[in-house]
Structures are given as structure tokens and as C-alpha cells.
Amino acid sequence: MCGIFTNSTLCLRIVDELVHNLRINNMIKGFCGVCRSTMEKITENILLEKGSPKTNKLEQIKTLNLSKLGLKLQDLPVKLLSRLQSLERLDLSGNCLQDLPKAMVMPALGFLDLSDNQMEDVTTLESLCSLEELKMENNPYITVSDNYKVMVLLPNLRIYNGKDVSTTANHLRYVYTENLRTRIAAVWEKSFSLPDPISAEEMTALEKNFIASARQQVKFGPSSVRDFTKWRVEILAKDYFSSLTEPKEELEHKESSSIKERRDVSAPSKRKRAASASASASSVSVTTRKKLRTDSSASPVKGDPQKPSVCLRPQMPTQDNTVRMSPRKTSQPLSTPTRGKRSAETTRRASAVLQTTEEVSSKVEEQRDANVKTHMETKPVHLKPLHVLQCHSKQDSSEDFSTQLWACAFQPPPDSNGVGGESRLVATCGGDSLCVIDCETGMVMKKYKVDGENFFALAWSTILMSRGSNAPAQPCSILAAGGKRGLVKLIHPRNNLAYGEFRASRKSLSVLRFNHQQRSFLFTGSYDNKIVMWDIGGVNPQYKYKVVQLLVLETSATPLHVCLPLTSPSSHVLTACEDGLQCYNTQLGNKNNTTKRSKEMEITFPIYKKEDKNHDYHTVDGLSFLTEDIVASKNYMHGSIYLWNWTQTKAKRPNKKTQSVCAVVLAELQWAKTDIPYLALNTCPNQAYIVCGDDKGRLWMYLINSLSSFQTETPIQPTEVLEWPTPVRKGVGEVEGPSINCVAMDPELNFLVALSDKNMVIVWKRESST
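Below, the structure is looked at part by part. (Residues numbered from 1 in each chain as written. Predicted model: local features only at pLDDT ≥ 70, side-chain atom pairs only at ≥ 80, totals over all residues. Heavy atoms only, no water.)

## A few points about the overall build of the protein
Here's step 1: Secondary structure summary: the protein contains eleven helices and 41 strands in total.
Here's step 2: Buried positions account for 53% of the 770 residues belonging to the protein.
Here's step 3: For the protein, the computed accessible surface area is about 36000 Å², with 51% contributed by carbon and sulfur atoms. (Helix = DSSP H or I, 4+ residues; strand = E, 2+ residues; numbered from the N terminus. Buried < 20%, exposed > 50% of the residue type's maximum accessible area, 1.4 Å probe, protein only. Areas by Shrake-Rupley, 256 points an atom, 1.4 Å probe, with all protein chains shown as cover.)

Written as C-alpha cells, this is what we have:
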């Protein structure tokens, strides 16, 4: 018995010790848990440790991984996180987040991973308006309606949970929303009206009743998204009610006569300055933007045209014929032509016409320097001719000096904002082909031919390619090109793939332009006097895509150029047409719910006052933004280039009858005197340069660091005029200077490319300063 008792006592003592130790262990674990929780609070040191690139400043972090830290809402310090102004990618997966701080602002954030959390309120994501890719997988409380809310709240969202949702998102943002607005307006018109007189109490009660009725009566879409529809209806009903009490704007610009549908399939009508009807049948009765000009000779080459065209650079497997440069000409100094002196008096008087009041004059003076403050003092660049290429020849013939080249553009640099980084690939188009050229080597890297096509326009953009749920979307640089057939070709040059096409018009296309912020939005201008805005979306690994038409802008003549403001490309578009410069409102959603729009206003120029039977200056054949406020434009037959202020011009009140405003001209740039139309100018905002070719192969270059030193009474002389490099054909002679239809520069102006109407691509390279 004693032995048993002793053993039992020992067992009890052991049990007591185990319980005591267990309590101590639990206390230690609890204490350690508190310490660990305290350690995992987000501090500046933790952000610097988990961010990249490694730096000692939060403002320089671009990627941050805060996954699997057990974070909750209270663990996210808004003030600290808001210092991450350069943050592009944020990983918050594997935490315990139910929502995000509403005041958290990260202007550069493009990717956010919220997978494996407990997210409930997606409306807290609204402040992250720059997001392009979002992952929210394995959040058990997220519904289909929440998915739709995310697509509406985040205007730039393209990739959601690894899938391209840009088409669905834009449908919800615009088409679905417009249908809801129509139904909300019907609810108001049927059962409600504003009280008379209006009192604050009555308006508050009326708003409450109207919103409640709209939520109850408006039913649209499947039942699975009922919660989303009610949420969206409440927001739109509030906006609609507010619009009823705001001052109504006059909408005189809506002209019913401008809306005409044309369904016939035909080539563009002949321009007013087109060649005679005896043009070659090979043009298939299509008048290009500059048609075959009235040159007396078919080739600008001296010598017997029957002699074989030789003396091009040795043919490489991927290199097209390159005309050798004349060593005599490359060493000659560049001079500024004296042509256009007669136009100085004309432009001086035209400038004086604009300054009709002291008020306008003073505003121009005060803001002249402010307009170009964004530019650092830039020194003049020096360029030398590097290559002359014949890469668009018919049947690859070196004898072809007749194919006209129309458009060129540099591939966007790798930076997501399109600024900085090296870009040496340029795309060119003309005839039935499109080429991608390496400016440094002169090699034609890619070439695409479409039988029966005549390419007039092209544009680059960067869209996203989804790669499945476990991999982030990959940006890919694509080309859009179009011309005579009215079809837009979509090309991914890196993979050597023309992955799609869609019909943009039943007539020929004259211009293409991507929105540089909403990079899947494409503008197409056509010979049926329309500009259409499309969303081409992204692509999946199989290159499946979907195109949605968003807007139709009715123009009064053929659009030649489409230009978007640098800082607000989604608000307005400027279009240079055969009969003038027109401005359109392109904002989507809110109060702008019409899908067909007429011009908001027409912008006129002082030179219009000098028109007569022999001089029509209304054709604007050159247009480009130099800064967010300064625009460069060129009128046909006017020997100058206008620099004018966009903000001040837009702020003017249009004439009620003509809907026109006169441009607030800042200065004029002297240019060549020529009657050849469609010689387009271009700008290089990073280097403050404007460049425009003429009808003799020359390039007029203007460095605009500051306007304060210029007198508006006299046209500004070019900083430099690059003479035609005079390439030589062996056994034939020198090639005369052709008309330069288009120029393009990379962002840092390391290369300049000019296209001629005689099938020549001229590449200029920047010389290093010594």
C-alpha cells in the first residue's frame, strides 16, 4: 500500500509540475506573441528592408513585399505608406486585411496583390486609381458584384486575377452605365419634379426619395449582380439629381445635320489639291493624303533612267537597299535658307491682328515663360546623316523612287510613362508594306506586306498580355497600322506576329493615334469624316483579343492629324482637318454619355483673315504638343508655324454662331514657302525641339527653351536647317531633295527619321558634344 501511495504521490507531483510548466509556457508564448505583433507593425525600417531597389529613402522604392505578416487594417500607417510615391508593385497577400485605408494614395502603383486575405469592402480601393493589375483570389467574402465594383472604381484596371478584363470593364464603365442613366432619368421624369420655390429641406427629402425609388425601380442585368446594380444606381442617381440643380450649359454644338451614316464601300474622294485624273491606274483611284504630285519627272535622279540602279550598300539578309551618302555634302556647313522673307511681313501683320486687346496681350506676356518652365535649358543638338534606306520598294526593286511614305514613329521606351530609356527602333509605312528599322545599324528588323493595301498611318502602344493566375501580366509593345482598305492591322513585332485586324471604316484610314495614358484606347480617322475611339484591350497568351467601339466624333472634313494633350489625354482631342482645327470632348462617363459627338469648338488662326480666291489657309496639315500648354501647328500655304497656348485658347468662350475661338498665339516660326500640302511637323518635348521637313528634303529645326527672348512681331528663325544629304546612286548621280512627308524623333533626340515621297527613309544621328 505504501509503495502504491508513494507512486501515486509522485505521479500527482509530476502532474502538478507539468500543469505549472504549461501555464508558464503559455504565458511566455502570449508574451512572445505580443512582442511579435509589435515587431510586425509597419515601420520605416521594415519598408526599407522589404522594398527594392535598396535605398534609404521611401520615395525611391518601386517594389514592396509585405506578404504573410498577419497585417490588419490598423497595421497600415497611412502617412508612412503615402510617402511611397514611386511604388509600382505592392504585395499584401497572405494577411488578414478586410479593407484598405481610404486615404492611402500611391500615384505610381500599377500592381497590387491582395490574394489570401479577408477583403470585404472593395470600395476602399478607389483611391488607388492608377492600378492596372489587381489580384484578389482566395478572398472568401468577395462576390461577383464586388468584382464589377472593382472594375468601375479603378479606371485603369486591365488585368484582374490574371485575366484581361479591359473589355468587360469598359462595358461596365460606359455601356452599362449609360443604360442605367437612361433608366434613372425615366424614373425622375415619371414621378418627380423640382419644387417651386426650392428650399433646402424639401430638396434633401426629394433627393432621398428619388434615390430610394431609383434603387427600387431600376432593374438591369442578371440577378447575380443585383447588388452591384443598386450600388451603381445610387451613385448615378445622386449625380443626376445634382445635375438638375446646377446651371445648365448651352449645347449649341449639337448639329443634327452632321450625323450622316454612309454605308457604301469606296475609296476616298479626291482632295482639292489632288493630281489630275490621268494619274496612274495603279493607285486604284485612291487619293492619298498627298497624291502623286505634279513633278515633271517620275524620278528625281539625274541621268539616263534606263540605266540600272546600282550602288546601294551590300545587301544583307535582313537589310534593305541603302543609298550611299555623298561625302562631299556631309562635310558642308548647314545654312539657313533665306526663303520666306516675304512672309515675314505677312506673319507680322497676322500676329498684330490677334492682339486685339491689351488684356490678351498681357496674359500672353505673363505666361510665356511659364509655358516652357517644364523644360530644362537644352543646348542645341547636332545631327549627321547616317542612313538612307529604300525599304518600301515595289517588288523590292531598287528602281522604285515613286512609292510615297506617309507615317513613322519610334517604339515607346521601356518606362511605363513613355519617358526616358533608349528607343532606337522606328516603324515606317508606305505602299503595301510596314517596316521596323534599327536606327543605329540601318537594319530592317521586321517587314510586313499586305497585297492590295496602301498604308497611310501607324501608331505604337504598350498593352498587357495576361499569363495566367500565377504570373503577373507582361507589357508588350504593339503596332497598329491602316490605310486604303479601312482595316486596322494589330502587330506584335517582337514575336513577328500580325495577331489581328478589325474594320475601322468602310473608307480609307488617314490617321491612327493611341492614348498615351489609356494605352488600349485607339483613335482612327477616316475619309468618311469620322474619328472613332476604340478600346482594343489586351491579349492572352493565345493572342485572343476583343475590340469595343467607345466614341464616334463627327468631323466636317477628312481628319489629317489627331493630337492629345500631354497631361490630360482623356479629356479632349484636337484634330487637324482639311477645313480647319477642331476640338472635341472625349471624356467618358459622368455627364458625357453620348457615343456620337460633334465638335466642341473650332480653333481659328490670324492667317485666315488673309484668305482670297487663290489662298485658302484653313487646311491644318501639321499639329503637335510641345508642352502641356504649347501647341505647334501649321497651315497649308502659310510660310510659318504657329506656337499657341492651349489652356488659354480652350478657356475662351466660343462664338455662338460659328463655335469658333481664335488661338492665343505666342509666336510664329519661320518656315519654307511652298504650295506642297501635308508636310507634317513633329515635336520632341523632352528636348524642347520642333522639326518640320520641306519640299526640298531639308529639315527645319527649332529649339524652344524660352519664349521670353522672342518678339512675336517677327517670325522666329530656325535654330538650324539640315540640308538634304544628297545620296548618290552609282552610275546615275545625285538624288535630288524630295518632299519630306513625316518626321519622328526618339524621346532623347538621339535619332531623327524623315520619310520622303520618293521611297526614301533618312536616318539622322545625334553627334556627341565635344
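## A word on the sheet that holds strand E30 (residues 640–645)
Here's step 1: Taken together, the four strands give an open sheet; going across it, the order is E28-E29-E30-E32, and neighbouring strands pair in antiparallel fashion. In the strand order of this sheet, the two ends are held by strand E28 (620–625) and strand E32 (664–670), each with one partner. When strand polarity is set aside, the average angle formed by the axes of neighbouring strands in this sheet is 25°. (Pairing = 2+ DSSP bridges. Axes fitted to C-alpha atoms, helices over the stretch in contact; angles between N-to-C directions.)

## Observations regarding the pairing of strand E18 (residues 497–503)
Here's step 1: Where strand E17 (residues 487–492) lies against E18, six bridges are found, and the strand directions are antiparallel. Looking at E18, one finds that Val 488 is bridged to Phe 502.

## Quick look at the nonpolar core
Here's step 1: With 60 residues, the main nonpolar core has Leu 100, Leu 112, Leu 114, Leu 125, Leu 134 and Met 136 as its most contacted residues.
Here's step 2: The set of elements that each furnish at least two residues to this core consists of helix H2 (44–50), helix H3 (78–81), helix H4 (144–153), helix H5 (166–191), helix H6 (200–217) and helix H7 (226–245).
Here's step 3: Ranked by the residues each element gives to this core, the list is headed by H5, at seven residues.
Here's step 4: Excluding its chain neighbours within four sequence positions, the residues that come into contact with Leu 112 are Leu 90, Leu 92, Leu 100, Leu 125, Leu 128, Leu 131, Glu 133, Leu 134 and Lys 135.
Here's step 5: Counting residues in hydrophobic clusters, the runner-up holds 23 residues, among them Val 388, Val 691, Leu 703 and Trp 764. (Core = buried A, V, L, I, M, F, W, Y, C linked by side-chain atoms within 4.5 Å. Contact = heavy atoms within 4.5 Å.)

## Here's the deal with the pattern of salt bridges
Here's step 1: All chains considered together, the criterion is met by 14 salt bridges.
Here's step 2: The partner of Glu 234 in a salt bridge is Arg 215, and the shortest N-O contact between them spans 3.1 Å. In this pair, Glu 234 sits in helix H7 while Arg 215 sits in helix H6, placing the two residues 19 residues apart along the sequence.
Here's step 3: Overall, the relative accessible area of 29% leaves Arg 215 in the partly exposed class. (Salt bridge = Lys/Arg side-chain N within 4 Å of Asp/Glu carboxyl O.)

## Points about the packing of aromatic side chains
Here's step 1: Evaluated as defined, the whole model comprises 17 aromatic pairs.
Here's step 2: Stacked on the ring of Phe 111, the Lys or Arg Arg 89 has its end atom at 3.9 Å from the ring centre. (Phe/Tyr/Trp six-rings, centres within 6.5 Å; stacked < 30°, edge-to-face > 60°. Lys NZ or Arg CZ within 6 Å of the ring centre and 35° of its normal.)

## A short note on the side chain of Ser 571
Here's step 1: The topology assignment puts Ser 571 in the loop between strand E23 (559–563) and strand E24 (572–577).
Here's step 2: Within the structure, Ser 571 has its side chain in polar contact with the backbone oxygen of Ser 568 (distance 2.9 Å).
Here's step 3: Each residue touching Ser 571, except ones within four places of it in the same chain, is listed here: Tyr 584, Asn 585, Thr 586 and Gln 587. (Polar contact = N/O pair within 3.5 Å; in protein donor to acceptor, adjacent residues only side chain to side chain.)

## Some words on the environment of Ser 193
Here's step 1: Within the secondary structure layout, Ser 193 lies in the loop between H5 and H6.
Here's step 2: With 17 residues separating them in the primary sequence, Ser 193 and Phe 210 have C-alpha atoms 9.9 Å apart.
Here's step 3: Discounting residues that sit within four places of it in the chain, Ser 193 has contacts with Trp 188 and Leu 206.

## As for the side chain of Thr 124
Here's step 1: Note on placement: Thr 124 falls in the loop between strand E4 (111–113) and strand E5 (133–135).
Here's step 2: A distance of 3.2 Å separates a polar side-chain atom of Thr 124 from the backbone nitrogen of Leu 100.
Here's step 3: Polar contacts involving the side chain of Thr 124 include one to the main-chain carbonyl oxygen of Asp 121, which spans 2.9 Å.
Here's step 4: Other than its neighbours up to four places away in sequence, Thr 124 contacts Asp 99, Leu 100, Pro 101, Lys 102 and Met 119.

## Considering the packing of H4 against H5
Here's step 1: Orientation of H4 relative to H5, taken along the N-to-C sense of each, is 80°, at an axis distance of 9 Å. Between H4 and H5, the angle is such that the two are roughly perpendicular. Taken together, the residues of H5 that come into contact with H4 (itself represented by Tyr 148, Met 151 and Val 152) are Thr 168, Ala 169, Leu 172 and Arg 173.
Here's step 2: Across the contact of H4 with H5, the residue classes break down as five nonpolar, one polar and one charged. (Parallel < 35°, antiparallel > 145°, perpendicular 65-115°, else oblique. Nonpolar A, V, L, I, M, F, W, Y, C, P; charged D, E, K, R; others polar.)

## So, unusual backbone geometry
Here's step 1: Put simply, Ser 52 and Pro 53 share a cis peptide bond, and its omega is 0°.
Here's step 2: Relative to the assigned elements, Pro 53 resides in the loop between strand E1 (51–52) and strand E2 (63–65).
Here's step 3: A cis amide bond, omega 5°, links Asp 196 with the succeeding residue Pro 197.
Here's step 4: In this structure, Pro 197 sits in the loop between H5 and H6.
Here's step 5: You will see that Asn 529, though not glycine, has its phi angle at about 65°, which is positive.
Here's step 6: Residue classification places Asn 529 among the buried positions, given a relative accessible area of 17%.
Here's step 7: At Met 637, a position not held by glycine, the phi torsion is positive, near 75°.
Here's step 8: Assignment of secondary structure puts Met 637 in the loop between strand E29 (630–635) and E30.

## Details of the packing of H5 against H6
Here's step 1: Interhelical geometry of H5 versus H6 gives an angle of 125° and a closest axis separation of 10 Å. When the axis of H5 is compared with that of H6, the two are oblique. When you trace H5 past H6, the crossing you get is right-handed. Side by side, H5 and H6 meet where Ile 184, Val 187 and Trp 188 of the first sit next to Leu 206, Phe 210, Ser 213, Ala 214 and Gln 217 of the second.
Here's step 2: Taken together, the residues that form the contact of H5 with H6 break down as six nonpolar, two polar and no charged. (Left-handed = near helix turned anticlockwise from the far one by under 90°.)

## Looking at the pairing of E17
Here's step 1: Counting buried residues in E17 gives six out of six residues, a clear majority hidden from the surface.
Here's step 2: Side-chain alternation along E17 places Leu 487, Lys 489 and Ile 491 on one buried face and Val 488, Leu 490 and His 492 on a second face that is also buried.
Here's step 3: By the bridge criterion, four bridges tie strand E16 (residues 474–483) to E17 in an arrangement that is antiparallel. Its bridge partner lying in E17, Ala 481 is registered against Lys 489.
Here's step 4: The turn joining E16 and E17, which pair antiparallel and follow one another in sequence, is formed by three residues; a positive phi near 80° is taken by Gly 486.
Here's step 5: Connecting E17 to the next strand, E18, in antiparallel fashion are four residues, including Asn 496 with a positive phi near 55°.

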